[in-house]
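# Working through the structure, step by step
What follows is each chain in one-letter form.
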Amino acid sequence: QQFAVWRGSWVRTCLSVAGVLGAAAARGQVPQDSPRMTPLVQVIREIEPAVVSLFVPIEQQGKQGFASGSGTIIHPRGYVLTNNHVVNGMDVVKVTLSDHRSFTAKIVGTDPKTDLAVLKIDAKDLVAAELGESKAMQVGDCVVAIGSPFGLDMTVTAGIVSATGRSNVGIT
């Protein structure tokens, strides 16, 4: 079974964990030949190093704090894809990698209409996700989203593609 992966930013941010992979799987202790090493677990292990957490400084009711979001490394030279609404109007964006290294990102491009933004971090040894072709998606394809909603690191949710080809349907 093949899994089409919508990486982090493509489907906004994951909101909940869809299933429990098991304590051993979560710690990366499942041998490759184990029956628990399902295609889904393999996809998650492959893509997880490319998923980043984003933190932007905010002030609410006179108090300093941080808002959080997710992004995906899309090029090993440090380009990160995220949502425009996460970084819109921000001067400082902190990016934390799955290996816990942190960097200050530069916003290199935004598109409010598609709610996408591209950031750049100066880092070495990055794992980049391979973006898929949305036109290749089919109804019924399994999909996975990994993100850090509400500051919760590496949250995973899975589902299926329920429809394709929808645009301008008036849903916001």
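On to the nonpolar core. If you look at the biggest cluster of nonpolar residues, it comprises 25 residues, and the most contacted ones within it are Val93, Val95, Leu97, Leu119 and Ile121. Mapped onto this core, the elements with two or more residues apiece are α2 (39-47), β1 (51-60), α3 (84-87), β4 (93-96), β5 (102-111), β6 (116-120) and β7 (142-147). The greatest single-element share of this core, amounting to 4 residues, is contributed by β1. Beyond its immediate chain neighbours, meaning those up to four positions away, leucine 97 contacts Val52, Ile73, Phe103, Ile121 and Leu126.

Looking now at the pattern of salt bridges. Considering all chains together, one arrives at 2 salt bridges under this definition. Across the pair arginine 101 and aspartate 99 runs a salt bridge whose closest N-O atoms are separated by 2.8 Å. A salt bridge links lysine 120 to aspartate 122; the nearest nitrogen and oxygen atoms lie 3.5 Å apart. On the basis of relative accessibility, which here comes to 66%, the residue aspartate 122 falls in the exposed class.

Taken in spatial order, the 6 strands close into a barrel running β1-β2-β3-β6-β5-β4, and their pairing is antiparallel. Along the sheet, successive strands turn relative to each other by an average axial angle of 40°, direction set aside. Pairing analysis gives 10 bridges linking β1 to strand β2 (residues 63-75), with the strands arranged antiparallel. The residue bridging proline 57 from the neighbouring strand is phenylalanine 66, located in β2.

Rules used in this analysis
Residues numbered from 1 in each chain as written. Predicted model: local features only at pLDDT ≥ 70, side-chain atom pairs only at ≥ 80, totals over all residues. Heavy atoms only, no water. Core = buried A, V, L, I, M, F, W, Y, C linked by side-chain atoms within 4.5 Å. Buried < 20%, exposed > 50% of the residue type's maximum accessible area, 1.4 Å probe, protein only. Helix = DSSP H or I, 4+ residues; strand = E, 2+ residues; numbered from the N terminus. Contact = heavy atoms within 4.5 Å. Salt bridge = Lys/Arg side-chain N within 4 Å of Asp/Glu carboxyl O. Pairing = 2+ DSSP bridges. Axes fitted to C-alpha atoms, helices over the stretch in contact; angles between N-to-C directions.

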